[in-house]
Amino acid sequence: MTSDRSSTDSPSTGESSIRGDRSDTTCENVATVGSTADSGCSAESGESESFGCPPSITNADAGLSIAGEATPSPAINGQQPSAEATEVSPPPSRFTKAFSFAQTVGFAFAIVALQMGQGILLARLLGPVGRGEYATTVLYVQMALYIGLFGGLEVICRYAADRTVETIKLRRAAMWLGLTTGAITTGLVVLCNVIALPDEKAYLMSLGCLCAFSIIGQHVMLIMTAVDRGAGDFTKYNLRRFISAAAFPALLLVAAIVTDVTLNLACVLFVIASAISMAACVVGLPKIATGESEPPVNQLLKESRPYGVSMLATDLFERLDLLLVMWLVPLLTQGFYAAMVPVVYPLTVIPNTLGIYLFNTAADRSQRLQTSDVHRILGGSIAIQTVSTIAFMIVIGPLVRLVYGEEFAPAIVFAWWLAPVSAIKGILQGLDSYVKGRGKPLAPIRCRIVAAVVMLSLTAAFVGTYGAIAIAVAAFVGQIICLVWLSAIVYADVREQNLMAS
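The text that follows walks through the structure, step by step, so that each part is easy to find. All of these numbers come straight from a predicted model, not from anything done at the bench. (Residues numbered from 1 in each chain as written. Predicted model: local features only at pLDDT ≥ 70, side-chain atom pairs only at ≥ 80, totals over all residues. Heavy atoms only, no water.)

## Some words on the overall build of the protein chain
Move 1: Secondary structure summary: the protein chain contains 17 helices and 1 strand in total.
Move 2: Of the contacts made within the protein chain by residues no fewer than 6 positions apart, 87% connect residues no fewer than 24 positions apart.
Move 3: Per element, the accessible surface of the protein chain, about 18900 Å² overall, is 67% carbon and sulfur. (Helix = DSSP H or I, 4+ residues; strand = E, 2+ residues; numbered from the N terminus. Contact = heavy atoms within 4.5 Å. Areas by Shrake-Rupley, 256 points an atom, 1.4 Å probe, with all protein chains shown as cover.)

Next comes the structure, spelled out in structure tokens:
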């Protein structure tokens, strides 16, 4: 159900003000946790791989409150946490870190498998044209899903890791924040479907408006699971994320067994699946509507602004190709293109999951990467992604024909181009995590703007000749620009830290 884009934040513990830069440098646009006052420093962005975030860090969306769960004493209204609450836990062992990472990678691959299964089911049940119609109905939902969070996921994650707010109260605050951002984003997506569909696809407006209501459930799930991620409870986080990912394909499979699945039914099931995702996070939360929540929603929205701006630039760029495909190519071609998007998801899993830990390292003052660490992390990621992409491109043709059917054979060329796009995107998500963990969410915005302009220019120049292939090639060029630029940002940040420490 959810896209596997885990934003990976993991704050340090024991302080009410979470700064992106864990050194004594100045920062701008910092999200301040535990205080209503604005921070006067300038935010620096940077996520780094940190296996040492106190108690641990969970991956992005899961958050049931379990009865009897130990919660830290609150530090509210000027009260300091008790000595017991502020006592720092011993750092996790190497085995614990390795097991946590392996578990998260395993669940990430399982979720990708579910997404691929969902894509296969939709393609088989709806056919190429129907798959293009479905892609149109959910496009604005996909584009607005993370943008509409407006950084709330990152801020909640930081509060959870800081442990200055009682866990149950924070879960309720996360729920109310998700309902608020979800309702606002739903309205915006409805408006986009009313006024911003191509004329030949305007008949899908009502279904697009229906799918918009799935955002509320998805926002609640994403933000509530950030509590688990920030607190380091990866088991709960992974399980709830898995439930969310499994809901829609499971409903599709059951529907396919008992009846003919139409586009209308698929859209209805999409919305129902989002409600199941939300239920997985609120069931077990005591006094859901009447219990006290902390911090207030307006404070969270204020603190989340730098991350929201960063997510706006990132997600618009990452989904720009899908928007161009909807506007510039017919439904049949859009169906081929959209069917191949989940096929290339596995290429993002390893670097994306690594980014969860990179965020923690970047946000932890006690840890500092060396230039050699960046060489190793970036070089290893590029090597793994290159080998994986080559292997993928060799086997994808026969697999698509086998799994999707011969009618989707024209889509294989899109998979060939989207594979390197997805591979680079996974590395970028990891680098983005480091930058955010360093409190510099705004740093990568310019590179995304430049890359988007290049994409639009290449598409305008070649789409008339090469059709949707031109859009895929333009996306590949845009990702390369971002990779070079963002790598330079990370290297510069690491050098700056080391210079200041020396």
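## What about a nonpolar patch on the surface?
Move 1: Together, Leu210, Ile243, Val268, Ile272 and Ile276 make up an exposed nonpolar region whose accessible area comes to about 340 Å².
Move 2: At 3 residues, helix α8 (residues 263-282) tops the list of elements feeding residues into the nonpolar patch.
Move 3: Inspection of the secondary structure assignment puts Val268 in helix α8.
Move 4: On the basis of relative accessible area, Val268 is assigned to the partly exposed category, the value being 36%. (Patch = residues over 30% accessible without salt bridge, like charges linked within 9 Å, V, L, I, M, F, W, Y side chains within 5 Å. Salt bridge = Lys/Arg side-chain N within 4 Å of Asp/Glu carboxyl O. Buried < 20%, exposed > 50% of the residue type's maximum accessible area, 1.4 Å probe, protein only.)

## Considering the nonpolar core
Move 1: Residues Tyr134, Phe248, Tyr337, Met340, Tyr404, Phe414 and Tyr434 are the most contacted members of the largest nonpolar core, which totals 89 residues.
Move 2: Looking at this core, the element that brings in the most residues is helix α17 (residues 468-501), giving 14 residues.
Move 3: Residues contacting Tyr337, with those up to four places away along its chain left out, are Asp321, Leu322, Val325, Phe414, Leu418, Ala468, Ile471 and Ala472.
Move 4: Within the second largest apolar cluster, 29 residues are counted, among which are Leu145, Val155, Met221 and Leu222. (Core = buried A, V, L, I, M, F, W, Y, C linked by side-chain atoms within 4.5 Å.)

## A closer look at the packing of aromatic side chains
Move 1: Counted under the stated rule, the structure contains 9 aromatic pairs.
Move 2: Through pairs of rings, three or more aromatic residues link up here, namely Tyr134, Phe248 and Phe270. (Phe/Tyr/Trp six-rings, centres within 6.5 Å; stacked < 30°, edge-to-face > 60°.)

## Looking at unusual backbone geometry
Move 1: Here Glu294 and Pro295 are connected by a cis peptide whose omega angle stands at 0°.
Move 2: Among the secondary structure elements, Pro295 is positioned in the loop between α8 and α9 (297-303).
Move 3: Phi is positive for Lys287, which is not a glycine, with a value near 50°.
Move 4: With respect to the helices, strands and loops of the structure, Lys287 is situated in the loop between α8 and α9.
Move 5: Its relative accessible area of 60% is what places Lys287 among the exposed residues.

## Let's talk about the side chain of Arg131
Move 1: Within the secondary structure layout, Arg131 lies in helix α2 (residues 94-147).
Move 2: Among buried charged residues, Arg131 stands out as having no salt bridge; its nearest opposite-charge side chain is Glu133, 10 Å away.
Move 3: If we ignore the near neighbours within four places in the chain, the residues touching Arg131 are Gly119, Leu122, Ala123, Leu126, Gly335, Ala338 and Ala339. (Lys, Arg positive; Asp, Glu negative; His and termini not counted.)

## Some thoughts on the state of the cysteines
Move 1: On inspection of all chains with the given rule, the structure shows 0 disulfides.
Move 2: Unpaired in terms of disulfides, Cys192 finds its nearest cysteine sulfur in Cys209, a separation of 10.0 Å.
Move 3: In this model Cys482 remains outside any disulfide bridge; the closest cysteine sulfur is found in Cys447, 4.2 Å from its own.
Move 4: Given the relative accessible area of 0%, Cys482 is considered buried. (Disulfide = S-S within 2.5 Å.)

## So, the packing of helix α12 (residues 331-340) against helix α15 (residues 412-437)
Move 1: The interhelical angle for the contact between α12 and α15, taken along N-to-C directions, is 45°, at an axis separation of 9 Å. With respect to α15, the axis of α12 lies oblique. Considering only the axes of α12 and α15, their crossing is right-handed. Between α12, through Thr333, Phe336, Tyr337 and Met340, and α15, the contact on the second element is made entirely by Phe414, Ala415 and Leu418.
Move 2: Taken together, the residues of the contact of α12 with α15 sort by class into 6 nonpolar, 1 polar and no charged. (Axes fitted to C-alpha atoms, helices over the stretch in contact; angles between N-to-C directions. Parallel < 35°, antiparallel > 145°, perpendicular 65-115°, else oblique. Left-handed = near helix turned anticlockwise from the far one by under 90°. Nonpolar A, V, L, I, M, F, W, Y, C, P; charged D, E, K, R; others polar.)

## Remarks on the pattern of salt bridges
Move 1: If you walk through the whole model with that rule in mind, you get 11 salt bridges.
Move 2: Note that Arg438 and Asp493 form a salt bridge whose closest N and O atoms lie 2.7 Å from each other. Of the two residues, Arg438 sits in the loop between α15 and α16 (445-466) while Asp493 sits in helix α17, which places them 55 residues apart along the sequence. Like Asp493, Arg438 is buried.
Move 3: Notably, a salt bridge pairs Lys440 with Glu496, separated by 3.8 Å at the nearest N-O pair. Of the two residues, Lys440 sits in the loop between α15 and α16 while Glu496 sits in helix α17, which places them 56 residues apart along the sequence.
Move 4: The buried category is assigned to Lys440, whose relative accessible area is 13%.

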